[in-house]
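The lines below spell out each chain.
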Amino acid sequence: MVDIKDLIENTIEGSTVFNNTSALNPEHIPANLPHRENQIKELTVSFKDLIINPGSTSIRTVIVGRTGTGKTVTAKKFGNELKGIANQKGLKLYYVHVNCHRQRTLYLMLMEIAQNLRLPLPNRGLSSQETFKLIYDYLERKNLHLLLTLDEFDYFISTSPIEDIYFLVRIYDELNVSVKRLHYIFIVRELSTLSGLDKSIKDHIIKNIIEFSPYTSSDLYDILQDRIINEKAFKPNAVSDEAIKFISDIHGADKGGSGNARLAIETLELAGKIADTENAPIITVEHAKKANSKINPEMSVITDTIKDLDLHYLLLLKAISSLHKKQGEDFFPMGRVEEEYRTVASLLGEEPRRHTQIFEYIRRLKLMGLILTRHSSKGMRGRTTLISLPIPVSTELEELLDGEIKRRLQKSRLSS
Ligand SMILES: Nc1ncnc2c1ncn2[C@@H]1O[C@H](COP(=O)(O)OP(=O)(O)OP(=O)(O)O)[C@@H](O)[C@H]1O
């Protein structure tokens, strides 16, 4: 019998691949931000006047990008660096980063700003207007400038009353102040959230837009390497190059992944934990694969189901995955999938199945959870079924499909 206490103690004291786990924490701000140099330059150009000609105008910039593209970390890094540069030049600049999802109302946001400015507020309940006035008076009195980032601003827009949005983005412009002390960075995942706003509000937000595109596999490779080498998250030589490449390929936008750096870092961290559980001194590609299927549990179920499929089901899945890759869209009309399936089948020297048979395959693939279907919107010509895969097209998925197709073809050629 294993002594449980010994087991726990030995595991705590046992070998580890990690050196500094805090460098893998989502809140950690690394010294370098690989592949975000251009965006930092664009931010600097936008806010240059704040340093060179402070107070001349209230500057507003929008950062837009999908989840995990470094919007938060870049805004924080930029804000803090700019603050340091301003202070060196004798300009009192504060940087405050508010997450609109955490500070869910205008009032809570204003409280958070006051707290960051170390501005004591009276105990009696203040209205948002009164709180804003206190903040604004404080900036004037102390001769301060404030760069305010409103992160997850989409959330504020979709949940707040229009008066609050109006108040937040217009009120300052409407105050007749000679020195403009308040400047904004709005962070959103999609610009479309802003396009629905009233023009009188939109004009106060959309002055300048900086795009954060999803990371490619080689971008993610550099980001992971930076955490490993410069941020010293792991012991020297504790991560194999193949493991880093595997994780980068799984998540790289050019390889069908989502281009999300958070997911890539989480996968690497989990691979490290798996290596520690196995007392392995190095994180191998096997650890990375295990970590990936834990982070992406539907992937392992799908992998098992795919292994049992007949050839033409596999060809259909291959057709959908190649459409995803070629066109970068999520859903495809049934006719387009059928056309691509015919091409895939012919290239492999296989006679494509008829339309009714394909229809039946699609129905069964849906029942097995291997594809998603929905009906086209009324705007499209005729109502048609749209088809998608339930998971991102990764190199792993493509290799699996190709491998299984090859096996089926070899088997059928041997038996004929
Ligand atoms: N260029 C980069 N270099 C180093 N680390 C990065 C980079 N981009 C993102 N990261 C890291 O990836 C994780 C996610 O980044 P971040 O939170 O900034 O993304 P986001 O775009 O704000 O995502 P969301 O929209 O989900 O809030 C963080 O741990 C961050 O430090």
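Relevant structure appears above.
About the thresholds
Residues numbered from 1 in each chain as written. Predicted model: local features only at pLDDT ≥ 70, side-chain atom pairs only at ≥ 80, totals over all residues. Heavy atoms only, no water. Salt bridge = Lys/Arg side-chain N within 4 Å of Asp/Glu carboxyl O. Helix = DSSP H or I, 4+ residues; strand = E, 2+ residues; numbered from the N terminus. Buried < 20%, exposed > 50% of the residue type's maximum accessible area, 1.4 Å probe, protein only. 1 Å grid on protein atoms, 1.4 Å probe; cavity = no way out; pocket = protein on both sides within 12 Å on 5 of 7 lines; lining within 4 Å. Points joined across faces, edges and corners; volume = space filled by probe spheres on them. Nonpolar A, V, L, I, M, F, W, Y, C, P; charged D, E, K, R; others polar. Domains from an automatic or database assignment. Phe/Tyr/Trp six-rings, centres within 6.5 Å; stacked < 30°, edge-to-face > 60°. Lys NZ or Arg CZ within 6 Å of the ring centre and 35° of its normal. Pairing = 2+ DSSP bridges.

> Explain the pattern of salt bridges here, please?
Pairs can form between side chains of opposite charge whenever their charged atoms are close. Inspection of the entire model under this criterion finds 17 salt bridges. Taking the shortest distance from any N to any O, the salt bridge between Glu152 and Arg189 comes out at 4.0 Å. With Glu152 in the loop between strand E3 (145-151) and helix H6 (153-159) and Arg189 in the loop between strand E4 (182-188) and helix H8 (192-195), this residue pair connects regions lying 37 residues apart in the sequence. Relative accessible area serves as the criterion here: at 24%, Glu152 is assigned to the partly exposed category. Residue Arg189 is classed as partly exposed on the basis of its relative accessible area of 41%.

> When you look at the layout of surface pockets in this model, what are you seeing that I'm missing?
If a probe as big as a water molecule is rolled over the atoms, it shows which places are left empty. Roughly 840 Å³ of internal volume is contained in the largest pocket. Around the largest pocket, the lining is made up of 40 residues, and of these Pro26, Gly70, Thr72, Val73 and Arg262 lie nearest the centre. Mapped by element, the contributors of at least two residues to the lining of the largest pocket are helix H3 (71-88), strand E2 (93-99), E4, helix H10 (217-229) and helix H12 (261-277). Take the lining of the largest pocket: its biggest share by element is 5 residues, from H12. Residue classes in the lining of the largest pocket are distributed as 14 nonpolar, 11 polar and 15 charged. Residue-level mapping places the lining of the largest pocket at the junction of two domains, with at least three residues from each of domain 1 (37-212) and domain 2 (216-295).

> It is not clear to me how the packing of aromatic side chains should be interpreted in this structure. Could you clarify?
The relative placement of two aromatic rings is captured by the distance of their centres and the angle of their planes. All chains considered together, the criterion is met by 7 aromatic pairs. When the ring centre of Tyr94 is taken as origin, the NZ or CZ atom of Lys83, which lies over that ring, is 5.7 Å away.

> Teacher, can you tell me more about the pairing of strand E8 (residues 385-388) here?
Each regular strand shows side chains that alternate between the opposite faces of the sheet. The sheet contact formed by strand E6 (residues 332-333) and E8 spans 2 bridges and is antiparallel. Its bridge partner being in E8, Pro333 is matched across the sheet by Leu386. Sheet topology note: the strand E7 (residues 372-375)/E8 ladder contains 4 bridges and is antiparallel. Bridged to Leu372 within E8 is Ser388.

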